[in-house]
Amino acid sequence: MLTIIWSGDYAGTMENNANTDVIQGTLDMLILKTLSLEPMHGFGIARRIEQITRNVFKVNPGSLLTALQRLERNGWLDAGWQETENSRRAKVYRLTHAGRKQLQNETADWQRRTAAVSRLLKTEA
Amino acid sequence: MWFVRQLVRGFRNLLRRKHADKDIADEVESYYAEAKADLETRGLGSEEATRAARMALGSPTAFREQVRSYGWESALDGILQDLKYSLRRLRATPGFTLVSITTLALGLGAASGIFSIINGVLLKPLPYAHADQLVSLWMTAPGVKITDLNMAPSIYFTMCDEQRSFQAVSMFTTGSANVIGKVHPEEVHGIAATHEFLSILGIAPQLGRSFEAGDDNPDGERTVMISDGYWHSHFGGSREVLGQRVNLAGDPATVIGVLPASFEFLDEKPDMVLALRIKRSSVQLLNFSFRGVGRLNPGATIEQASADFARILPMAVKRFPLPPGMTLRMYDDARIAPNLRPLKKDLVGDIGKTLWLLMATVGIVLLIACANVANLLLVRTEARQQELAVRAALGAARMRIARVLLLESVTLGVIAGAVGLGLCWALLRALSTSDLVHLPRAAGIGIDAWVVFFTIIVSAGFSALFGLIPVVRYVRPQPANALRGGGRSMSHGKDRQQVRNFLVVFQVALALVLLVTSGLMIRTFRNLHHVDPGFSNAGEVETVRIIIPDQQVKEPERVIRMEQAMLDKLQAVNGVTSASITSSVPMGGPEMNNTVFAADKTYPGGTIAPVRRYKSIVPGYFATMGQRMLTGRDLTWSDLYNGGMVAIVSENTARDMWGTPQAALGKRIRPTDKDDWREVVGVVADEHTDGVDKVAPTVVYWPLYAKNFETDAVSVQRYISFVIRTPRAGSLSLRGEIQDALWSVYADLPLAQTDTLEMFYNRSLARTSFTLLLLAIAGGMALLLGLVGLYGMISYAVSQRTREIGIRIALGAPIAQVTLTFVRSGLLLSAIGCGCGLAGALILAPLMKSLLFSVSPSDPLTYVAMSVSLIFTASLASYLSARKAAKVDPVEALRAE
């Protein structure tokens, strides 16, 4: 469902060419994590994810906004229209209490999984 | 919580779609703006940044659509849009829409109607708690050819002591009694039952108390519970009713409680439930004149209960004495065994087979209707092929196109289902007011939530089924072909025509199956009408039943004198040609069976004699009924008053016992070896007293009044029916005069079962009439729909080949030959359909064997007649539609292209 949209000129400004789609199912966690730092609008989230992951993950904007709707409807995010710093209006998302809890769960779950996978890979080696 | 939120937000978005859309559009726009601003901070110019953002993010429309497609509400929204589109399209072609809806509604209405009946009669549980635990305690005695043997007190008492698989068992009997009221005596219908009865059914009184063990004590006070209706009509619904007395034919009973208004038992609402009081110390082993009911332990099965019952049966023999004249050998020879069955089965009987047959029938009609609509849809979709190709070329997903097509047929189906429910309602009303149909549990038949659910599922399911045919054919179009307009300039794809041909063959085959089954039913009906029931001109025989209770008139001789006096009065009624008395009216009366011993036969070692049907009569019975006397003479009144030492037997009894009717005369017979011998003085024609579709039982006609008979010193029938032959039968004025005549002998005697003999006769044919009626309707519908399908198929083929026909005619082909081509193709299809239908009917007809009467399920005459008439009508339909080809004007046809 995720396709590479960040390409052409814009991607050219970044150094890393080993771009990857966001791993299926992790987009929610990445969004929650990003929003746990501060409330942000959609583009801000995408930019932040790419910056932090050093462009390893690319975010499809359509998937991002759909995921934001889903998370909001699950009660993990609140959304509202606000003025941004450069006096444009944007829909800003904020993590709720339930969202914070969900992030903890997903983080723990993720770590458990990755630990298991890396253990497996080590024994293989 | 999550679910509620989904629902609430979804609905909010649906209701404020515009607002939600604007929100998304705004957000997408702001996303672009932020991306552009971001790029500008990296040093791009404004225009360049706009272009770059556009490149990176793609089309804003696609972006918006992707975001917009989130949530169940947008899926629903899409479907709603498609639905609006299909409704618009259906409105645009009212002819097609009307024809399809009518066709489907007929099929669906019939299916819902039959399902309502099945639901009300077979599927609904009886109106008691955990009704599936209720079991009727029947036995069977193959040794004396009795399938359903009643319950006996000896066995009831043994069961009470020993059984392990029931929560409780009860013994009961239903009947009528005369209540001596304040004004008139009246006949009430009641149940006499041991005290467990109501608690087994789970019925609690609305007032007072229910029966307890003490109520069964014959030395105690006689107790009764009355129905809600009786309480209101006779006691004004007063709470003072408790403790009051009801005079049951001279035997007072104390009212202890009032039954709930909803109480019913075996389709009847009894006026009262009496305590059945039997003195255990005087019970003999054999008295099978009661019925038993039990409630199984939770989790117990009927098989386990049967095994338990079989274990108990031999115990009764050791605990209760045999009646005089019976030996243990006779008891063993009868081979009594359990024959338990669900209580519901007692009520419903074997109507289930008929109903499922009818359900299968309407299912077939429905399939034919669907095939017709599928054909119409195919034509319609073919005309749309270009539109579909354009849509596909513009990028519509295949699923989306399929959904549009399917929605159209499902919409048709659901509208037709709603119309069908209306038809179903009308059908049920017509059935409920018709005399033809006597269904058990008829009051429970109606349109309830299950029927509506069934109709929705069936209409949606079937419409999806026929809707899939065009989807499968056309959703994978070769856009290039379709866009080029292949339909016009190229000749037809063979496979397309094949689907339609297949549908026509399918319809003709199914129609033939139904025609054959209706034909077999018609033959059955005719055969039944040709059976000589043993009486003649049943419409001229009036019957009326009375009871002379022994509390009122004790001495048997006074009873018979009174009955004879009544008969004399009846014979004097204007227009009455003859009248007589019987213990049971054919097809209407109680059924009594007992052993018949003959003086010229030996019964070694106490073996049992064959059981025959018993009827008690007075002189003039055969003359009144129009039953032929084969040899010998009728009874006379002096025979009766001289101890009734004579008997008359039916022809089959005579043949069974002595070979010929003549040989029976002068032979001596008796019920038991404690009775006096009676001489056979006459032999009469067989009487189909259980219904014309049943084998005539072997009957012995005894005098209504007799000495030393059935171990009684003096025996008389108090429960009798008068049969009165008069052209005035059935008229109200006659009934008034009959009542006056009877009341002049015994004032205010309650009269029951005042009907003509014809009513009993028709009722015994009711099941066949009902099946025949519905099968004939279904067969007619199937034929009509099949022919419409054939007609439509040929018309369409003609319209598609107009150009070719035009060329042929222009080149000089005779018109008749052109027409013949189409007729021939129609005939070929019908012939193939007929062949398949014949094979299908041969396989399916044996399933209805139990409904047929002296006609084989593979009756050649029916098969041939129905095939010939089908082929004939099919060729007519083919000819009518092929005539269009002859009307083609070659100039017009060629110019049209």
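Keep in mind it's a predicted model, so treat the numbers as computed, not measured.

1. Points about the overall build of chain B
- Within chain B, the regular secondary structure consists of 31 helices and 27 strands.
- C-alpha extents for chain B along the principal axes are approximately 125 × 80 × 55 Å.
- In chain B, buried positions account for 41% of the 897 residues.
- Sequence-distant contacts in chain B: of pairs separated by 6 or more residues, those separated by 24 or more amount to 83%.

2. As for the interface of chain B and chain A
- At the junction of the two partners, chain B supplies 23 residues and chain A supplies 24 residues.
- Only helix 1 (2-15), helix 2 (17-41), helix 3 (46-57) and helix 4 (60-68) of chain B provide two or more residues apiece to the side of chain B that touches chain A.
- For the side of chain B that touches chain A, the element with the highest residue contribution is helix 2 of chain B, accounting for 9 residues.

3. A few points about the sheet that holds strand 3 (residues 146-149) of chain B
All names here are of chain B.
- A sheet is described by the order of its strands in space; here 3 strands give the open sequence 3-2-12, paired in antiparallel fashion. The open sheet has two edge strands, strand 3 and strand 12 (337-338), and neither has a second partner.
- Strand direction decides the pairing type here: strand 2 (residues 139-141) and strand 3, joined by 2 bridges, are antiparallel. Across the sheet, M139 pairs through a bridge with L149, a residue of strand 3.

4. Details of helix 26 (residues 757-764) of chain B
Residues and elements named next belong to chain B.
- Looking at helix 26, one finds that the buried residues are L757, F760, Y761 and S764. Summarising the axial view, the buried residues of helix 26 lie within an arc of 100°, below the 170-degree limit, and thus occupy one face.
- At its buried positions, helix 26 is contacted by strand 14 (541-547) and strand 27 (752-756).

5. What to know about the domain arrangement of chain B
- Taken domain by domain, chain B consists of domain 1 (2-70), domain 2 (74-126 + 351-490), domain 3 (138-339), domain 4 (507-531 + 766-897) and domain 5 (549-748).
- A straight line from the C-alpha centre of domain 1 of chain B to that of domain 2 of chain B covers 41 Å.

6. Let's talk about the environment of R628 of chain B
- In this fold, R628 of chain B is placed in the loop between helix 21 (621-625) and strand 19 (629-632).
- Filtering out sequence-adjacent residues up to four positions away, R628 of chain B remains in contact with V684 and A685 of chain B.

7. Some remarks on the pairing of strand 15 (residues 578-582) of chain B
All names here are of chain B.
- Counting buried residues in strand 15 gives 4 out of 5 residues, a clear majority hidden from the surface.
- Where strand 15 and strand 26 (residues 719-725) come together, 5 bridges link them in antiparallel fashion. Paired with T582 across the two strands is S721, which belongs to strand 26.

8. Overview of the packing of helix 6 (residues 94-123) of chain B against helix 15 (residues 398-433) of chain B
Residue and element names in this part refer to chain B.
- Orientation of helix 6 relative to helix 15, taken along the N-to-C sense of each, is 50°, at an axis distance of 6 Å. Judged on the interaxial angle alone, helix 15 and helix 6 are oblique. Considering only the axes of helix 6 and helix 15, their crossing is right-handed. Together, S100, I101, L104, A105, L106, L108, G109, S112, G113 and S116 of helix 6 and L412, G413, I415, A416, G417, V419, G420, L421, L423, C424, L427 and L428 of helix 15 make up the contact between the two elements.
- For the contact of helix 6 with helix 15, the class distribution of residues is 14 nonpolar, 8 polar and no charged.

9. Here we look at the nonpolar core
All names here are of chain B.
- If you look at the biggest cluster of nonpolar residues, it comprises 92 residues, and the most contacted ones within it are V365, V508, A511, L512 and A782.
- At 17 residues, the largest contribution of residues to this core is made by helix 13 (residues 351-383).
- Of the residues that make up this core, three or more belong to each of domain 2 (74-126 + 351-490) and domain 4 (507-531 + 766-897).

10. A few points about the sheet that holds strand 4 (residues 77-83) of chain A
Residues and elements named next belong to chain A.
- Spatial strand order, 2-5-4: 3 strands in an open sheet with antiparallel pairing. A strand with exactly one partner marks an edge of an open sheet, and here the two such strands are strand 2 (40-41) and strand 4.
- Where strand 2 meets strand 5 (residues 89-95), 2 bridges bridge the pair, whose relative direction is antiparallel. Within the sheet, the bridge partner assigned to M40 lies in strand 5 and is Y93.
- Against the sheet, helix 2 (residues 27-37) contacts strand 2, strand 4 and strand 5, and its axis sits at roughly 95° relative to strand 5.

11. Overview of the environment of L313 of chain B
- Summarising the element assignment, L313 of chain B is placed in helix 10 (residues 302-319).
- The sequence separation of L313 of chain B and I336 of chain B amounts to 23 residues, and the corresponding C-alpha distance is 8.0 Å.

12. Points about the pairing of strand 23 (residues 699-703) of chain B
Residues and elements named next belong to chain B.
- The buried count for strand 23 comes to 5 of 5 residues, which makes it a mostly enclosed element.
- Direction of pairing for strand 18 (residues 611-617) relative to strand 23: parallel, over a ladder of 5 bridges. The residue bridging R613 from the neighbouring strand is V699, located in strand 23.
- Summarising the sheet, strand 20 (residues 646-650) and strand 23 pair through 2 bridges and their orientation is antiparallel. Residue pairing for strand 23: V649 is matched across the bridge by V700.

Cut-offs and rules
Residues numbered from 1 in each chain as written. Chains lettered and ligands numbered in written order. Predicted model: local features only at pLDDT ≥ 70, side-chain atom pairs only at ≥ 80, totals over all residues. Helix = DSSP H or I, 4+ residues; strand = E, 2+ residues; numbered from the N terminus. Buried ≥ 20, exposed ≤ 12 C-beta atoms within 10 Å, placed from the backbone. Contact = placed C-beta atoms within 7 Å. Pairing = 2+ DSSP bridges. Arc of directions from axis to C-beta. Domains from an automatic or database assignment. Axes fitted to C-alpha atoms, helices over the stretch in contact; angles between N-to-C directions. Parallel < 35°, antiparallel > 145°, perpendicular 65-115°, else oblique. Left-handed = near helix turned anticlockwise from the far one by under 90°. Nonpolar A, V, L, I, M, F, W, Y, C, P; charged D, E, K, R; others polar. Core = buried A, V, L, I, M, F, W, Y, C linked by C-beta atoms within 7 Å.

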